[in-house]
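Descriptive structure summary
These are the residues of each chain, in order.
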Amino acid sequence: MAAVVIAFVFFRTRPAPLPHLGAMPDFSLQDENSHPLDLADLRGKIWIADVIFTRCAGQCLLMSAHLAALQKELPPTLPIRFVSFTTDPAFDSPAILKKYAERYNADAARWIFLTGDKSALRHAIVDGLKLAAIDKTVAEQQDANDLFVHSAKFVLIDGAGQIRGYFDGETEASLPEIAAAARRLAKEL
């Protein structure tokens, strides 16, 4: 009887494995230091990705603040990186992204901001991360910085480039969940 109870407790408290939701295709972009970066550079690392643009006055600010909180929560000894893709490469040059990174105290060794060719970004964001990133027409814009509709999700990717989870990037309550999932993946490396 005791063995049954122990087995029940052991198996019941073990979390279900994170799903495999797709694979990131290779991409070639530029980071905030004007260095090239592709998928191979992230192999062996767990990463949490999001989509932002620096002129955004709404959800991007909140999402970047939440990634900054995750950066503080997850120790630098873990192989976890943060990757922010811009939807506005015409404006978000490496220099602009670097200034934006400073605003959030982004650890340059852990948090990467990516820009590049619009079609390469679209490939990584839409085809890879499976997130929305749509340019607004002038008629749809409410002000000069209301340029895009994009997802507010954080995407958790494992060391093999497999998408393992989607989390709400706007809600502070989701941060413990994504931190726990990232820690679980780091233990699997």
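See the structure printed just above.
The sections below set out a description of the structure shown in this document. (Residues numbered from 1 in each chain as written. Predicted model: local features only at pLDDT ≥ 70, side-chain atom pairs only at ≥ 80, totals over all residues. Heavy atoms only, no water.)

1. A word on the packing of aromatic side chains
This structure, assessed with the given rule, holds six aromatic pairs. Taking the centre distance of 6.0 Å and the plane angle of 80° together, the rings of Tyr 100 and Phe 113 count as edge-to-face. Within this pair, whereas Tyr 100 is found in helix H3 (residues 94-103), its partner Phe 113 is found in strand E5 (residues 111-115), the two being separated by 13 residues in sequence. Each member of the pair, Tyr 100 as well as Phe 113, is classed as buried. (Phe/Tyr/Trp six-rings, centres within 6.5 Å; stacked < 30°, edge-to-face > 60°. Helix = DSSP H or I, 4+ residues; strand = E, 2+ residues; numbered from the N terminus. Buried < 20%, exposed > 50% of the residue type's maximum accessible area, 1.4 Å probe, protein only.)

2. Let's talk about the sheet that holds strand E3 (residues 46-52)
Strand order in the open sheet made by the seven strands is E2-E1-E5-E4-E3-E8-E9, with mixed pairing throughout. Each of the sheet's edge strands pairs with one partner strand only, and the pair in question is strand E2 (36-38) and strand E9 (163-168). Strand-to-strand twist in this sheet, taken as the mean axis angle between neighbours without regard to direction, amounts to 35°. The pairing of E3 with strand E8 (residues 153-157) spans three bridges and is antiparallel. Across the sheet, the residue bridging to Trp 47 is Ile 157, located in E8. (Pairing = 2+ DSSP bridges. Axes fitted to C-alpha atoms, helices over the stretch in contact; angles between N-to-C directions.)

Interpretation in functional terms is not warranted from these geometric data alone.
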